[in-house]
Amino acid sequence: MKKLFGALVAMGVMALMAVGVQAATYSAGVASPGAGIAEIPVMVTPEEGQTESVNGYVMTLTYDSTKVTPVVAGQDVTGADCYAEAGESFANGVLVSDVVKTEGNNVTLAVAWASADAVNVDAQAELANVDFKVAETATGDVPITVAVTALTNDGNSEADIDTITVGNGEITIDAEDFLRGDANGDGVVDGRDSALIEQSLVSLGSILDENKLRADANNDSTIDARDAALIVQSLVGLATIPD
């Protein structure tokens with residue numbers, strides 16, 4: 001594990017956490033995926049009339065890896081892959097994010113941030129953002145379980161971790177919106193979808209980004225003539241398009 005990330009996670013083990021007199025909720029947001037990607041904001045929400053001061057935190061997001069997987073957002077200061085982007089108010093600081101635990105299908109992603117100068121927020125603010133790729137076969141809702149393992153506003157204060165309020169997030173997958181083979185996104189699988197796929201292969205037409213997952217009729221991760229052929233075959237009862 002990268003040294004900087006390990007050092008920040010160690011903050012949680014050492015219980016360097018501070019909430020002082022402030023009361024705030026640390027949470028993940030709720031999102032519906034667009035074009036197969038769900039953007040999950042990691043938020044801090046102070047109570048009305050209060051100000052939350054933060055100069056370091058470690059939060060974990062646990063999810064079902066058969067339904068969603070985090071997307072690399074870039075590289076951190078060590079050059080390693082980072083699965084989160086800092087929120088606007090938290091752009092000045094060091095952010096690292098990596099998978100820290102796997103138990104069966106349940107995977108835990110840690111997001112850690114630290115800065116020499118505390119950020120003061122008196123309204124809901126985005127700490128970071130994590131993009132998740134949604135599996136083509138995923139349906140229903142995917143809970144994102146949140147935990148705060150470290151929080152400091154001066155690097156030295158200690159507090160009972162149980163006093164920190166957290167709120168879980170969720171990725172809502174609307175299976176009714178996904179119709180495999182519907183390359184033009186009009187809600188019907190017919191000859192026009194097959195024709196559009198064929199046209200796109202010879203640059204006479206184009207498939208919108210939000211419809212590319214649907215255009216992969218045989219679910220082999222490639223859009224080609226086999227998808228067009230499968231659609232035609234399904235229309236005359238010679239084949240079945242997979243769910």
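Check the entry above for the structure.
Residues numbered from 1 in each chain as written. Predicted model: local features only at pLDDT ≥ 70, side-chain atom pairs only at ≥ 80, totals over all residues. Heavy atoms only, no water.

Structural notes on the overall build of the chain
The secondary structure content of the chain amounts to 4 helices and 14 strands. For the chain, the proportion of its 243 residues judged to be buried stands at 40%. A sequence separation of at least 24 residues applies to 70% of the contacts in the chain between residues at least 6 apart. As displayed, the chain has an accessible area near 12,100 Å², and 49% of this comes from carbon and sulfur atoms. (Helix = DSSP H or I, 4+ residues; strand = E, 2+ residues; numbered from the N terminus. Buried < 20%, exposed > 50% of the residue type's maximum accessible area, 1.4 Å probe, protein only. Contact = heavy atoms within 4.5 Å. Areas by Shrake-Rupley, 256 points an atom, 1.4 Å probe, with all protein chains shown as cover.)

A word on a nonpolar patch on the surface
A cluster of nonpolar side chains, Leu201, Val202 and Leu204, forms an exposed patch at the surface whose accessible area comes to about 310 Å². Its place among the elements puts Val202 in the loop between α2 (191-201) and α3 (212-215). (Patch = residues over 30% accessible without salt bridge, like charges linked within 9 Å, V, L, I, M, F, W, Y side chains within 5 Å. Salt bridge = Lys/Arg side-chain N within 4 Å of Asp/Glu carboxyl O.)

Topic: unusual backbone geometry
Although it is not a glycine, Asn219 sits at a positive phi angle of roughly 60 degrees. Mapped onto the secondary structure, Asn219 falls in the loop between α3 and α4 (225-235). A positive phi angle, close to 70 degrees, is found at Ser221, a residue other than glycine. Relative to the assigned elements, Ser221 resides in the loop between α3 and α4. Here Ser221 falls in the exposed class, since its relative accessible area comes to 66%.

Details of the pattern of salt bridges
Tallied over the full model, the rule gives 6 salt bridges. A salt bridge links Asp190 to Arg192; the shortest N-O distance between them is 2.8 Å. Residue Arg192 is classed as exposed on the basis of its relative accessible area, which comes to 54%. Between Asp224 and Arg226 there is a salt bridge; the shortest N-O distance is 2.7 Å. Note on Arg226: relative accessible area 53%, which makes it exposed.

Brief notes about the sheet that holds strand β14 (residues 169-173)
The strand order across the open sheet formed by 6 strands is β2-β14-β12-β4-β10-β9, and the pairing between neighbours is mixed. Lying at the two open borders of the sheet, with one neighbouring strand each, are β2 (30-31) and β9 (94-103). Pairing geometry for β9 and strand β10 (residues 106-121), over 9 bridges, is antiparallel. Each bridged residue has a counterpart across the sheet, and for Leu95 the counterpart in β10 is Trp113. (Pairing = 2+ DSSP bridges.)

Let's talk about the side chain of Asn129
Its location among the elements puts Asn129 in strand β11 (residues 125-134). A polar atom in the side chain of Asn129 sits 3.2 Å from the side chain of Asp131. (Polar contact = N/O pair within 3.5 Å; in protein donor to acceptor, adjacent residues only side chain to side chain.)

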